[in-house]
Amino acid sequence: MANYLAQFQTIKSACPCMIVAVEDVSDIWPTVKSSFEQRLPFKKACLNNKTRNPVFLENLRAEFVLTTDARLRSRFPQEQYLFWFREPYATLVLATCEDLDEFKNILKPRLKVFAQNDEREWFIVFVSRAHPSNDQATKMAKKVYAKFEADFSSKKRERCCKFDIYGPEPNFWEELEFRIIESVKNTLDRRIQFYEDEIRKLSEQRFMPIWNFCNFFILKESLAFMFEIAQLHEDALREYDELELCYLETVNMGGIYREFGGLDRGDDQAALLNPGKKSLTQIVLDETFREFEFRQYLFACQSKSMLPFCMREVWVITACLALIDATGTKYNGEDEAPEIVKEFYRVQGDLYSLCRTKLLRLAYLIGYGTEIERSPVNSASLSMLPWPRPAVWPSVPDEASSEMLQQESPRARHFGLQRKPLPLEPTVLVREANRRRTSFSVGNASEIFYAGRIDDGLASNESSKQSPADKVQAIMMSRTYSSPGNFDCSIGRRPMRLAEIFVAAEYALKKTISNPDLQKILLSVESFEQKYMELTKGAADSYHHSWWKRYGVVLDGEIAAVCFKRGNFDLAAKSYEKVCALYAGERWEDLLAEVLPNLAECQKSLDDLAGYLTSCVRLLSLDKGLFSAKERQVFQSEVVSHAHSEMAHHVHLDVSSLITFSGNPGPPMALCDGDPGTLSVTVWSGFPDDITLDSISLTLMATYNADEGGKLRNLSATCLKPGRNPITFPLPPQKPGSYVLGVLTGHVGHLTFRSHSFSKGGPADSDDFMSYEKPTRPILKVFKPRPLADLSAAISSALLINETQWVGIIAQPLKYSLKGAVLHIETGPGLMIEESHSIEMESYRNSAQGSTDTANSGDAAKDCSPAANKHFEKLCLVNGKIDFPEWASDVSSILWIPIRAIDDKLARGSSSGGPDRQSVVDRMRTLALKLEFGISKNQIYERQSITLHFSDPFHVTTRIVDQCNDDMLLLQVTLHSQLNATLSVYDVCLDLQAGFIHAGKGNGRPISGSFPLVISPTSKVGLLFRLCSKKRSAEDENKVPPENILNIRYGISGDRTIGAHPPLAMKSNETGDTGRGLSFRSTLILQQPILNPCLAVGFLPLPSDCFRVGQLVTIKWRVERLKDNEEKRVPQNNDEMLYEINVNSDKWMLAGRKRGHVSLAMKQGSRIVISILCMPLVAGYIHPPRLRLPDVNEANISCRPAGCHMVCVLPPAPSSSFCISA
């Protein structure tokens, strides 16, 4: 076993803590490694010591190591048990799977084999990778975990726990730590038992020849080292003590010469704290070790557990000062790694800090308590440090009775703050000192502290009138505190007072301390303060160069307190600022409340107005319980008084911690593009009293671009009350997008403040500050430009021209209010508004709306019928503008405007075979509309024009239906209704032009006289007139019109919601015969009928073979004149005739001209053949080319035969190619 010495020392140095093995069954460890290692070290643990008594530990160190790591590879059984302390103390099995099949077929067999090893302390962590949003995966993970528990856990012991990657349960880490500690505890108990059994076996063989101390050493120190890594230091010390006793017995056995050692190079340097200076194989001697090196080795192992105990103030001070001086002169740190340099400075900072604390304790004992700053760090250090515990406390010497003890008044704090001083003692020193005096009991506090005032009769009254702070201040008396002149010699029969304790301690220390430097330090307050500053600066500088920089900042505050006391405000302010920054960053408000007043006083002394006001704001921002209401009012009065005083420089103050703001709860304010508004913001004030702001501004930031936004201003004076304050800002139009609150700025006198603290909504009745909100909730949404309203014509059918008609304009709000809207109307050419009539406005419901009040589409079918809750109002047109009533703001409405379209042209009729009726475009009129609406008329809907269709009531067509033998013509006149209204014809009269007269005794009326004739919308009626061609006398020729004029007297019956309707002037005076006064005139063109065709066109037969694609084909037509050239109705242009071929270019290709002239004689029976060469492009049944004669009316052409309708075209003939060898 002695052969394992070198391996044992190597393993011991490489095993700093307990190992928790990780069996990664599912390769999931890299994913969860960081989460698990963050839980190390374990905060709380309970392990059994050697006697099986529980020991509670804190910060138990451990390390997670994969089972595949080289440190955990399998060894020989003897080697494994020999170095059992480095084996894992617990095994954590990581497993995961997606479904039950995978668990049953893959995981379960592997885990069963692993669980059969009884020597391991193991438990299973099931890692769930199911996302919370995936319900199916979550349910499956629960089922799989339930199978884990059913197969591997039992009633005696739970061996499973579940870890969710996307958010572990709150108690998972506690359960995991409990499982690990439980496994470690069981493993440690079993290994302790193993080592005890092995050591007992060797101990029984101590006097046998085979005994070897090296074997016993390896087992014994393995057990001690196992206790050490388990932080059971007392058990480790006992093992080292037993090992030392056994070693002494071994080396003192007589009859054997043994080397003492200490002869190697370098043995002159002590190695009391370095057990690894020499390897064990270097100091081994036969079956034991050389005494010199082994004793150093044992001491180094023991000192690691003994160093923190049993220190005394004087010894620690001198030892620390000596160690600091020695290391400071020897160490330069040039060739060391940065980690070593930082660790060196940390240790040096600890030495400075320990020396400083012990020095403060001695200074307090001799009465320098008032010179010690009662800061949190000093209070924490000294209140935890126990008093010296001599067997008998020293008494006041006789030569000290002549000293005059006087009480000093404490220094007043800035702002008049009253604070209970922090304690610097663990218990009341008076009681502790008197308790350790022989045969004396401790009196009450008033007797001890104020016994010197009993001689005057006012002692009890004065004591009762003292404030608690004054009473505590009395406890802080230094060695010069007490009542004057009554320091009598009866001290042996009464308890010592505090001043007497200080004097007794000083005289005792003078006899005890032999170090002249320490005696000089405690000789005067100035010497003590100087040394105190040196130690504090040394500790602060060392911590600044180490890992513990925050400790250095805290000690900078102690340096600042001394500089502040000496009047060096500049250095004090710089140090206080660093300390305040640390306390504020850690949110240690209690500590910040102790330091900030001192910083404020330094800044005020340095005339740093900006810094002073900032400190006042920070004091107001602290928790309300740290200062009284009166003190907080003093802070506010300082800010307000300086804000309204003359300032040399303008001060900008950040009040983000004191004034917060947010939008109102609920959805963000919504505006359309271009709309102004009023934004309401809630501002919380942390000032204790009302404060008046001369002006206040708020910036808005766009979420899509931080550079975009606007600034809202409220220039009126605003009074902020403590707590919640609603404030409104006028909101100008903003660009489309979402906006969040930016920065709140304002002025108080000459002071400019700024707050960028956003708050989130809380209870409506809460006046406390709101916590910061991340991410910031949008306060305003400005929508992108969209249609907000729509103007359209109510009807699309024609209106009656030259008569006053109602034109309906539909105004539709598209999810936007039209409150206060103004409509501008401008008529186009040929259109005028009848201002003598009022404009009517009524509710409108679109048939496509259903129950919705607001139409969203202008294309839906219109229904101008009255709405369910109908509104009606008459409006006036003023300067081309109409003001909308209140009720029309949120509902669709229709305006009826009296309009008259003017057209002075006389309507012209057409013949049945002639050109079409008059173009509709000629009767179109336009109406320009502009709607101004919105909060400040900022929204404008401008429609360039609404097209209105006007029409004559009739369109007249004529046709000569018959030509009698006596030259009398029958003229058919057809009246086509062009309006969506019912027309009634009461009388018709035809005035003929020259060359025509009415036949018989006709007076211009039609043959049929059954009037009135009722014509339905878009229908027609025919009239028949008898005419004859006859020249009139010259006198009659002058009386007839130049054209044929048809005069019609008619009436109209219609609804304005549908189309044309009776004119307004007639409707106002309507009687039983409504609309009889309307008249209509139209010119007529007379044309005799064509009874016989003049030309015949025939399509010649096609070849018998079918056409093929790509094959040229000749198509022929024959044209024959049926009448001679005396026929006047056939166009004559010598013998030239124009022809044209109509063909689909996608299906045919022409090989010739599509248009040309041919010669056809004027003689009856003349013939000509027109042929064209063409090629079909597609296969199938297609239309052939057609012949057209543009100059000949189709009524004069007879098609015999008519020609084929479609022809069959075959695909192209198949073709092939092949190669012939040469």
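Keep in mind that what you see is a predicted model, and the values were worked out from it rather than measured.

Summing up its helical and strand segments, the protein chain has 27 helices and 53 strands in all. Classification of the 1222 residues of the protein chain by burial places 46% in the buried group. Considering only contacts in the protein chain between residues 6 or more positions apart, those separated by 24 or more positions represent 76%. Here the protein chain has roughly 63500 Å² of accessible surface; of this, 51% comes from carbon and sulfur atoms.

Here helix H20 (residues 525-544) crosses helix H21 (residues 549-566) at 150 degrees, and the two axes come no closer than 8 Å. Taken together, the axes of H20 and H21 lie roughly antiparallel to each other. Regarding H20 and H21, the two cross each other, and that crossing is left-handed. Residues Glu529, Gln530, Tyr532, Met533, Thr536, Lys537, Ala539, Ala540, Tyr543 and His544 of H20 touch H21, and the partners they reach there are Lys549, Tyr551, Gly552, Val553, Leu555, Asp556, Glu558, Ile559, Val562, Lys565 and Arg566.

Okay, the pattern of salt bridges next. This structure, assessed with the given rule, holds 34 salt bridges. The closest approach of N and O atoms between Arg129 and Glu98, which form a salt bridge, is 3.2 Å. Here the residue Arg129 occupies a position in the loop between strand S6 (122-128) and helix H5 (135-152), and Glu98 occupies one in the loop between strand S5 (90-95) and helix H4 (100-115), the gap between them amounting to 31 residues. The exposure class assigned to Arg129 is partly exposed, which follows from its relative accessible area of 40%. Glu98 sits in the partly exposed class, given a relative accessible area of 48%. As a salt-bridge pair, Arg200 and Asp197 come within 3.0 Å of each other at their nearest N and O atoms. Within this pair, Arg200 and its partner Asp197 are both found in helix H6 (residues 172-204), separated by three residues, close to a single helical turn. Using a relative accessible area of 43% as the deciding quantity, one classes Arg200 as partly exposed. Residue classification places Asp197 among the partly exposed residues on the basis of a relative accessible area of 26%.

It is worth spelling out the pairing of strand S36 (residues 968-977) at this point. Of all ten residues that make up S36, nine are buried, and the element is covered over most of its length. Two strands pair when backbone bridges link them, and S36 and strand S40 (residues 1020-1029) are joined in this way by nine bridges, in the antiparallel orientation. Within the sheet, the bridge partner assigned to Leu969 lies in S40 and is Leu1027.

A few words now on the packing of aromatic side chains. Evaluated as defined, the whole model comprises 29 aromatic pairs. Judged by centre distance (5.4 Å) and plane angle (65 degrees), the ring pair of Phe194 and Tyr195 falls under edge-to-face. No difference in accessibility class separates Phe194 from Tyr195, as the two residues are buried. Through successive ring pairs, a cluster of aromatic residues spans Trp29, Phe36, Phe64, Phe163, Phe172 and Trp173. Positioned over the ring face of Tyr89 is Arg191, at 4.4 Å from the centre of the ring. Positioned above the aromatic ring of Trp806 is the side chain of Arg1056, whose terminal nitrogen or guanidinium carbon lies 5.0 Å from the ring centre.

So, on to the sheet that holds strand S52 (residues 1197-1199). Across the sheet, which stays open at both edges, the five strands sit in the order S47-S49-S45-S43-S52 with mixed pairing between neighbours. Where the open sheet ends on each side, the last strands, each with one partner, are strand S47 (1148-1150) and S52. Adjacent strand axes in the sheet meet at a mean angle of 30 degrees, parallel and antiparallel pairs treated alike. Across three bridges, strand S43 (residues 1095-1099) lies against S52 in parallel orientation. The partner of Leu1095 across the bridge, within S52, is Ile1197.

Take the confidence of the model for the protein chain next. Parts of the model with low pLDDT should not have their predicted coordinates read in detail. Chain-level statistics for the protein chain give a pLDDT mean of 77 and a share of 77% at 70 or above. Counting contacts from residues 401-410, a segment whose pLDDT is below 50, to residues more than four positions away or on other chains yields 24 contacts. A low-confidence stretch, residues 1067-1074 stays under pLDDT 50, and its non-local contacts, those more than four residues away or across chains, total one contact.

Right, let's talk about the side chain of Gln348 for a bit. Note on placement: Gln348 falls in helix H12 (residues 338-365). Beyond its immediate sequence surroundings of up to four residues, Gln348 is in contact with Ile324, Thr327, Gly328 and Ser542.

Right, let's talk about helix H23 (residues 589-605) for a bit. Helix length check: H23, at 17 residues, gives a terminal C-alpha distance of 24 Å against a target of 24 Å (1.5 Å per residue), a fit within 8%. Where H23 bends most, the angle comes to about 30 degrees, and this point is Val595, followed within four residues by the proline Pro597. Within H23 the residues assigned to the buried category are Leu592, Ala593, Val595, Leu596, Pro597, Asn598, Leu599, Ala600, Cys602 and Gln603. Buried-residue contacts for H23 involve H21, helix H22 (569-585) and helix H24 (609-621). Downstream of H23 by a residue or two, Asp607 has a phi angle that is positive, lying close to 60 degrees.

Before going further, it helps to examine unusual backbone geometry. Going from Leu40 to Pro41, the amide bond is cis rather than trans, its omega being -10 degrees. Residue position: Pro41 is located in the loop between helix H2 (29-37) and strand S2 (42-48). Located in the positive-phi region is Arg587, a residue other than glycine, with phi close to 60 degrees. Within the secondary structure layout, Arg587 lies in the loop between H22 and H23. Given the relative accessible area of 68%, Arg587 is considered exposed. One non-glycine residue, Lys815, lies in positive phi territory at about 55 degrees. Of note, Lys815 is situated in the loop between strand S24 (804-813) and strand S25 (822-827).

Turning our eyes to something else, we now look at the sheet that holds strand S18 (residues 723-731). Judged by pairing direction, the sheet is antiparallel, and its three strands sit side by side in the order S11-S13-S18 without closing on themselves. In this open sheet, the two edge strands, each paired with only one partner strand, are strand S11 (659-663) and S18. Pairs of neighbouring strands in the sheet enclose a mean axial angle of 30 degrees, with direction left out of account. Taken together, the five bridges between S11 and strand S13 (residues 677-685) define a ladder with antiparallel strand orientation. Among the inter-strand pairings, Thr660 is bridged to a residue of S13, identified as Trp684.

What follows deals with the packing of H12 against H20. When two helices pack together, their arrangement is given by the angle between their axes and by how far apart the axes lie. Running from N to C, H12 and H20 cross one another at 155 degrees; their axes reach a closest spacing of 8 Å. Put simply, H12 runs roughly antiparallel to H20. Along this stretch, H12 crosses H20, giving a crossing that reads as left-handed. Where H12 approaches H20, its residues Tyr345, Arg346, Gln348, Gly349, Asp350, Tyr352, Ser353, Cys355, Arg356, Leu359, Leu360 and Ala363 are matched on the opposing element by Phe528, Lys531, Tyr532, Leu535, Thr536, Gly538, Ala539, Ser542 and Tyr543. Looking at the contact of H12 with H20, its residues break down into eleven nonpolar, six polar and four charged.

With that settled, consider the environment of Trp887. For Trp887, the position within the fold is in the loop between strand S29 (881-883) and strand S30 (893-901). Separated by 15 residues in sequence, Trp887 and Phe872 place their C-alpha atoms 9.6 Å apart. For Trp887, the contacting residues outside a window of four places in its chain are Met841, Glu842, Ser843, His871, Phe872, Glu873 and Ser893. Polar side-chain contacts of Trp887 include one of 2.9 Å to the side chain of Glu873.

Right, let's talk about H22 for a bit. It helps to recall that an α-helix has 3.6 residues per turn; residues three or four apart then point in one direction. Under the 1.5 Å per step criterion, the end-to-end length of H22 is 24 Å for 17 residues, consistent within 8% with the ideal 24 Å. Where H22 is concerned, the buried positions are Ala572, Ala573, Ser575, Tyr576, Val579, Cys580, Leu582 and Tyr583. Where the residues of H22 are buried, they touch H21, H23 and H24. Just past H22, the residue Arg587 takes up positive phi, approximately 60 degrees.

What follows concerns the environment of Pro668. Within the secondary structure layout, Pro668 lies in the loop between S11 and strand S12 (669-671). Expressed as a C-alpha distance, the spacing of Pro668 and Val782, which sit 114 residues apart in the sequence, is 9.9 Å. If we skip the residues at most four places from it in the chain, Pro668 touches Arg777, Pro778, Ile779, Leu780 and Lys781.

Turning to the environment of Val553, a few remarks are in order. Its place among the elements puts Val553 in helix H21. For Val553, a relative accessible area of 14% translates into the label buried. Along the backbone, Val553 and Val579 are 26 residues apart, and their C-alpha atoms lie at a distance of 5.7 Å. Apart from residues no more than four positions distant in its own chain, Val553 is found in contact with His544, Lys578, Val579 and Leu582.

Grouped together as the largest cluster of nonpolar side chains are 108 residues, with contacts concentrated most on Tyr576 and Leu700. Look past the residues within four positions of Leu700 in its chain and what remains in contact with it is Leu679, Glu708, Gly709, Gly710, Leu712, Leu731, Tyr739, Val740, Leu741, Gly742, Ile779 and Leu780. Counting 68 residues, the second largest nonpolar core, distinct from the first, contains Cys15, Phe123, Ile180 and Ala224.

About the cut-offs
- Numbering of residues starts from 1 in every chain and runs along the sequence as written.
- Reporting in this predicted model follows two pLDDT cut-offs: at least 70 for local features of residues, and 80 or more for side-chain atom pairs to be given and counted; totals over whole chains, interfaces and linings ignore these cut-offs and use all residues.
- Note: side-chain values were computed over all heavy atoms of the structure, leaving out hydrogens and water.
- Helix and strand definitions here come from DSSP, where helices need a minimum of 4 consecutive H or I residues and strands a minimum of 2 consecutive E residues; each element is numbered from the N-terminal end.
- Using a 1.4 Å probe on the protein chains alone, a residue whose accessible area is under 20% of its type maximum counts as buried, one over 50% counts as exposed, and one in between counts as partly exposed.
- Any two residues whose heavy atoms approach within 4.5 Å at even a single point are treated as in contact.
- Per-residue and other accessible areas were derived by the Shrake-Rupley procedure at a 1.4 Å probe size, with only the shown protein chains allowed to occlude residues.
- To get an axis, fit a line to the C-alpha atoms, keeping to the stretch in contact for a helix; angles then go from 0 to 180 degrees between the N-to-C directions.
- Relative orientations are named as follows: roughly parallel for angles under 35 degrees, roughly antiparallel for angles over 145 degrees, roughly perpendicular for angles from 65 to 115 degrees, and oblique for any other angle.
- A crossing counts as left-handed when the near helix is turned anticlockwise from the far one by less than a right angle, and as right-handed when that turn is clockwise.
- A carboxyl oxygen of Asp or Glu within 4 Å of a side-chain nitrogen of Lys or Arg is what we treat as a salt bridge.
- Two strands are said to pair when DSSP picks up at least two bridges between them.
- Two rings from Phe, Tyr or Trp (for Trp, the six-membered ring) form a pair when their centres sit within 6.5 Å of each other. Planes less than 30 degrees apart are called stacked, planes more than 60 degrees apart edge-to-face, and all others tilted.
- Comment: the charge-over-ring label is applied if NZ (Lys) or CZ (Arg) is within 6 Å of the ring centre and within 35 degrees of the ring normal.
- Note on scores: pLDDT gives the predictor's confidence for each residue, bounded by 0 and 100.
- Expected span of a helix: the number of residues minus one, times 1.5 Å.
- The bend reported for a residue corresponds to the angle between axes fitted to the seven residues ending at that residue and the seven starting there.
- Residue type decides the class: Asp, Glu, Lys and Arg count as charged, Ala, Val, Leu, Ile, Met, Phe, Trp, Tyr, Cys and Pro as nonpolar, and the leftover types, Gly among them, as polar.
- N or O atoms within 3.5 Å of each other form a polar contact, as long as, within protein, one can give a hydrogen and the other can take it, and as long as residues adjacent in sequence are counted only when both atoms are side-chain atoms.
- By nonpolar core we mean a set of buried residues, namely Ala, Val, Leu, Ile, Met, Phe, Trp, Tyr and Cys, connected to one another through side-chain atoms within 4.5 Å.

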